[in-house]
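# Descriptive structure summary
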2 protein chains.
Amino acid sequence: MTVRKPTMADVARYAGVSLKTVSRVVNREPHVSAEVRVKVESAIGALGFRRNEAAARLARGATMLTIGLVMENISNEFYSRLAKAVEAAAAEHEALVVFGSYEEQPERERMLVESMFARGVDSLIVVPSSGDHAWMGRHTGLTTVFVDRLPAGQEADVVLLDDLRGGLMATRHLRAHGHRRIALISDDVRLSSVHDRATGYRQALGEPDERLVVHGVFDPWRVSQEVSRLLDLPDPPTAFFATNNRAAIGILLALRERPERPAFVGFDDFALAEIFNPGVSVVRYDIDRIARGAVDLLLDPAGRPRRVTVPVELVVRGSGELSP
Amino acid sequence: MTVRKPTMADVARYAGVSLKTVSRVVNREPHVSAEVRVKVESAIGALGFRRNEAAARLARGATMLTIGLVMENISNEFYSRLAKAVEAAAAEHEALVVFGSYEEQPERERMLVESMFARGVDSLIVVPSSGDHAWMGRHTGLTTVFVDRLPAGQEADVVLLDDLRGGLMATRHLRAHGHRRIALISDDVRLSSVHDRATGYRQALGEPDERLVVHGVFDPWRVSQEVSRLLDLPDPPTAFFATNNRAAIGILLALRERPERPAFVGFDDFALAEIFNPGVSVVRYDIDRIARGAVDLLLDPAGRPRRVTVPVELVVRGSGELSP
């Protein structure tokens with residue numbers, strides 16, 4: 001059974017207004033009363049209507065698609081790689097990319113989306129913050145795809161990594177090299193990506209020692225302090241699983257000043273991972289698949305939320321293969 | 001004496017058309033014949049007219065400024081830092097940033113600018129490629145600021161680093177630590193930034209051994225090969241000056257496999273520079289000053305080209321202080 005996509009006519013019927021009025025709201029034309037706008041937006045939300053980008057652009061007389069890319073921080077290597085991949089995927093459709101960083105402040109994320117909407121951005125790719133995203137669905141049918149993390153309070157198209165499997169692979173790999181006391185270094189566990197990576201870690205270990213589980217550390221310097229603290233325990237970990245690139249870099253920072261040589265596996269590849277001695281073993285994925293998956297979903301909106309999962313693999317470079 | 005900025009009225013007089021016609025061309029309204037458009041664009045070029053952004057936006061009924069940022073490659077750390085800084089500077093003026101990378105292909109740079117222009121971008125910040133930029137001035141007065149490098153064939157507002165001084169500082173620092181055979185690793189010397197850094201190197205050395213001067217290497221793996229080749233010379237260099245972050249990373253790559261420990265200084269700071277042992281000494285600058293300088297110039301267009309120079313400083317971390 002296929003679900004029929006709701007049309008503008010459906011929205012008009014549901015809202016009890018004319019098709020032209022729906023078109024005015026969807027195409028952000030002036031001269032629509034606030035009352036009518038709210039009525040149409042409610043109908044759009046209730047029916048899960050997503051406008052046809054190509055048709056909408058033609059209707060506005062515009063010739064080029066503009067995609068808004070909303071991220072945590074463009075200067076973090078994960079996001080600059082993602083931005084480049086989205087740019088390349090968008091260029092295949094002659095689309096431009098507007099970007100903005102919200103620095104893990106949900107209210108700034110909302111401001112960014114509002115201003116992109118006001119400026120006529122056609123659709124959005126969002127790496128959601130940990131805040132609630134229910135408000136985003138009310139944006140007059142602006143097509144949105146979330147990537148890397150599930151948005152809270154919003155059913156929508158998403159492109160996620162196979163985070164659970166990544167967590168399992170990394171931790172099992174360390175176990176296979178003889179490690180039993182494996183620490184977890186991660187940031188905000190409310191993010192679905194972090195949550196799933198941590199779940200993989202727990203599943204691989206059975207019952208981890210909770211004193212070795214660290215959540216909520218974001219920057220490499222804080223990570224480095226936590227790593228030192230753990231290595232100073234009477235029964236220290238012999239290995240680490242770092243759930244993102246900043247955590248892996250924090251471990252490298254800590255080890256610069258310490259005599260211990262614990263094994264560790266990171267999640268996210270980074271440019272200098274192979275320069276270190278030993279090289280940094282990581283869980284890796286093809287970031288172009290995230291970007292292309294998101295753009296494909298944007299250009300073919302459906303009536304129901306879809307999920308694309310991008311596979312991960314383990315890259316062995318030395319740091320994950322050290323003995324206890 | 002102050003130079004009066006040319007106005008739309010000046011353009012109209014020069015082109016022999018009405019003020020309304022100039023306004024139509026500048027605001028990209030339809031219904032202007034190709035012939036008239038060319039006439040107005042020639043007048044704009046001849047007089048060096050730059051439209052007043054705030055007024056132009058009001059005239060178009062738009063409420064928000066959109067800045068196009070054209071760069072070589074967003075995934076290179078220099079550009080992702082620049083993008084973040086431009087985003088922050090733009091946000092202070094409630095402006096959005098559209099970005100695009102041209103991958104050192106001048107024709108792709110031109111396509112990017114054309115498509116940004118077609119999409120209604122208000123003004124441009126461009127890190128120019130090595131190609132000619134005379135065509136860019138003919139864009140109906142789209143305000144453009146070039147950063148990091150001088151554009152060829154175009155007199156325009158620019159924000160540059162004090163590259164000459166950076167090259168001098170780095171090379172003198174290595175000399176002060178006893179080095180005489182200092183190699184230069186750089187990319188495209190047609191770029192004014194690279195040219196000026198290399199000139200600083202030459203001035204500091206007097207007469208460098210030309211066999212130690214390497215131009216035209218872009219990626220870290222190629223740099224690494226060149227570094228190995230130089231270290232294998234009968235009279236090898238004892239120190240290196242790397243004119244950008246990729247060259248510094250290439251040196252680190254080469255040294256991973258070699259017994260020698262030559263001194264080296266990079267140009268451009270990078271996230272992991274302090275993690276290595278010894279840390280990487282670099283010529284550094286405040287990238288926010290580049291971004292803010294560019295946005296300030298954009299928002300206050302003048303009738304004549306201006307130049308802002310951002311100062312540089314040497315950061316001592318160990319790699320530049322090794323003895324010969």
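It should be emphasised that the depicted structure is a prediction, and the values quoted were computed from it without experimental measurement.

## So, the overall build of chain A
- Summing up its helical and strand segments, chain A has 11 helices and 12 strands in all.
- Expressed along its principal axes, the backbone C-alpha trace of chain A runs to roughly 70 × 40 × 35 Å.
- Within chain A, the proportion of its 324 residues that are buried is 59%.
- Long-range pairs, those at least 24 residues apart, make up 67% of the contacts in chain A with a sequence separation of at least 6.
- For chain A, the exposed area adds up to about 13200 Å²; of that, 51% sits on carbon and sulfur atoms.
- Each charge class in chain A can be summarised by its mean position, and for the 41 positive and 43 negative side chains these summaries are 4 Å apart.

## Describing the interface of chain B and chain A
- Taken together, the contact between chain B and chain A spans 38 residues of the former and 37 residues of the latter.
- For the chain B and chain A pair, buried surface summed over both sides reaches about 3400 Å², with 63% attributable to carbon and sulfur atoms.
- Here chain B and chain A share 8 residue pairs in polar contact (both at pLDDT 80 or more) between them.
- When residues of the side of chain B that touches chain A are traced back to their parent elements, those giving at least two are α5 (77–91), β2 (96–101), α6 (106–118) and α10 (245–256) of chain B.
- Sorting elements by how many residues they give to the side of chain B that touches chain A places β2 of chain B first, with 6 residues.
- Taken together, the residues of the side of chain B that touches chain A break down into 19 nonpolar, 10 polar and 9 charged.

## Quick notes on the domain arrangement of chain A
- Structurally, chain A comprises domain 1 (8–49), domain 2 (66–160 + 287–310) and domain 3 (163–285 + 314–321).
- Spacing between the C-alpha centres of domain 1 of chain A and domain 3 of chain A amounts to 50 Å.

## Topic: the relation of the copies chain B and chain A
- Between chain B and chain A, which share one sequence, the superposing operator has a rotation angle of 180 degrees and an axial displacement of 0.0 Å; the RMSD is 0.1 Å. Those values place the two copies in the arrangement expected of a two-fold rotation axis. In terms of C-alpha distance to the rotation axis, chain B has Val98 of chain B as its closest residue, with the C-alpha 2.0 Å off the axis.
- Here 97% of the interface residues in chain B have copies in chain A that are interface residues too; the copies meet face to matching face.

## Some words on the sheet that holds strand β3 (residues 123–126) of chain B
- Taken together, the 12 strands give an open sheet; going across it, the order is β11(A)-β5(A)-β4(A)-β3(A)-β1(A)-β2(A)-β2(B)-β1(B)-β3(B)-β4(B)-β5(B)-β11(B), and neighbouring strands pair in mixed fashion. In this open sheet, the two strands that pair with only one neighbour each are β11 (307–310) of chain A together with β11 (307–310) of chain B. Between one strand and the next, the sheet's axes are offset by a mean angle of 20 degrees, whatever the strand orientation.
- Sheet topology note: the strand β1 (residues 66–71) of chain A/strand β3 (residues 123–126) of chain A ladder contains 4 bridges and is parallel. Within the sheet, the bridge partner assigned to Ile67 of chain A lies in β3 of chain A and is Ser123 of chain A.

## Some remarks on the pairing of strand β9 (residues 263–267) of chain B
Residue and element names in this part refer to chain B.
- Of all the 5 residues making up β9, 5 are buried; the element is thus mostly covered by neighbouring parts of the structure.
- Of the two faces of β9, both are covered, the one formed by Ala263, Val265 and Phe267 as well as the one formed by Phe264 and Gly266.
- Pairing of strand β8 (residues 239–242) with β9 involves 4 bridges; the strand directions are parallel. Paired with Ala239 across the strands is Ala263, a residue of β9.
- Crossover connection from β8 via α10 to parallel β9: handedness right-handed.

## A look at helix α1 (residues 8–15) of chain A
Residues and elements named next belong to chain A.
- Every buried residue of α1 is accounted for by Asp10, Val11, Ala12 and Ala15.
- Of the surrounding elements, those touching the buried residues of α1 are α2 (19–26) and α3 (34–47).
- At the exit of α1 stands Gly16, carrying a positive phi of roughly 70 degrees.

## Details of the side chain of Glu72 of chain A
Residues and elements named next belong to chain A.
- Summarising the element assignment, Glu72 is placed in the loop between β1 and α5 (77–91).
- At 3.3 Å, the side chain of Glu72 and the side chain of Tyr79 are in polar contact.
- Not counting the four nearest positions on each side in its chain, Glu72 is found in contact with Tyr79, Ser101, Tyr102, Glu103, Glu104, Arg149 and Arg246.

## Structural notes on the sheet that holds strand β10 (residues 281–284) of chain B
All names here are of chain B.
- Strand order in the open sheet made by the 6 strands is β7-β6-β8-β9-β10-β12, with mixed pairing throughout. Each edge of the open sheet carries a strand with a single partner, namely β7 (213–214) and β12 (313–315).
- By the bridge criterion, 2 bridges tie strand β6 (residues 182–185) to β7 in an arrangement that is parallel. By the bridge assignment, Ile185 is partnered in β7 with Val214.
- Along the sheet face, helix α9 (residues 220–231) touches β6, β7 and β8 and points at about 160 degrees away from the line of β6.

## Section: the pattern of salt bridges
All names here are of chain A.
- In total, this model carries 47 salt bridges over all chains according to the counting rule given.
- The residue Asp10 makes a salt bridge to Arg13 at a minimum N-O spacing of 2.7 Å. Of this pair, Asp10 and Arg13 are both found in helix α1, 3 residues apart, which corresponds to roughly one turn of the helix.
- For Asp10, a relative accessible area of 13% puts it in the buried group.

Calculation notes
- Residues numbered from 1 in each chain as written.
- Chains lettered and ligands numbered in written order.
- Predicted model: local features only at pLDDT ≥ 70, side-chain atom pairs only at ≥ 80, totals over all residues.
- Heavy atoms only, no water.
- Helix = DSSP H or I, 4+ residues; strand = E, 2+ residues; numbered from the N terminus.
- Buried < 20%, exposed > 50% of the residue type's maximum accessible area, 1.4 Å probe, protein only.
- Contact = heavy atoms within 4.5 Å.
- Areas by Shrake-Rupley, 256 points an atom, 1.4 Å probe, with all protein chains shown as cover.
- Lys, Arg positive; Asp, Glu negative; His and termini not counted.
- Charge placed at Lys NZ, Arg CZ, Asp CG, Glu CD.
- Buried area = accessible area lost by both parts, 1.4 Å probe.
- Polar contact = N/O pair within 3.5 Å; in protein donor to acceptor, adjacent residues only side chain to side chain.
- Nonpolar A, V, L, I, M, F, W, Y, C, P; charged D, E, K, R; others polar.
- Domains from an automatic or database assignment.
- Least-squares fit on C-alpha atoms with pLDDT ≥ 70 in both.
- Pairing = 2+ DSSP bridges.
- Axes fitted to C-alpha atoms, helices over the stretch in contact; angles between N-to-C directions.
- Right-handed = clockwise from strand over helix to strand, strands pointing away.
- Salt bridge = Lys/Arg side-chain N within 4 Å of Asp/Glu carboxyl O.

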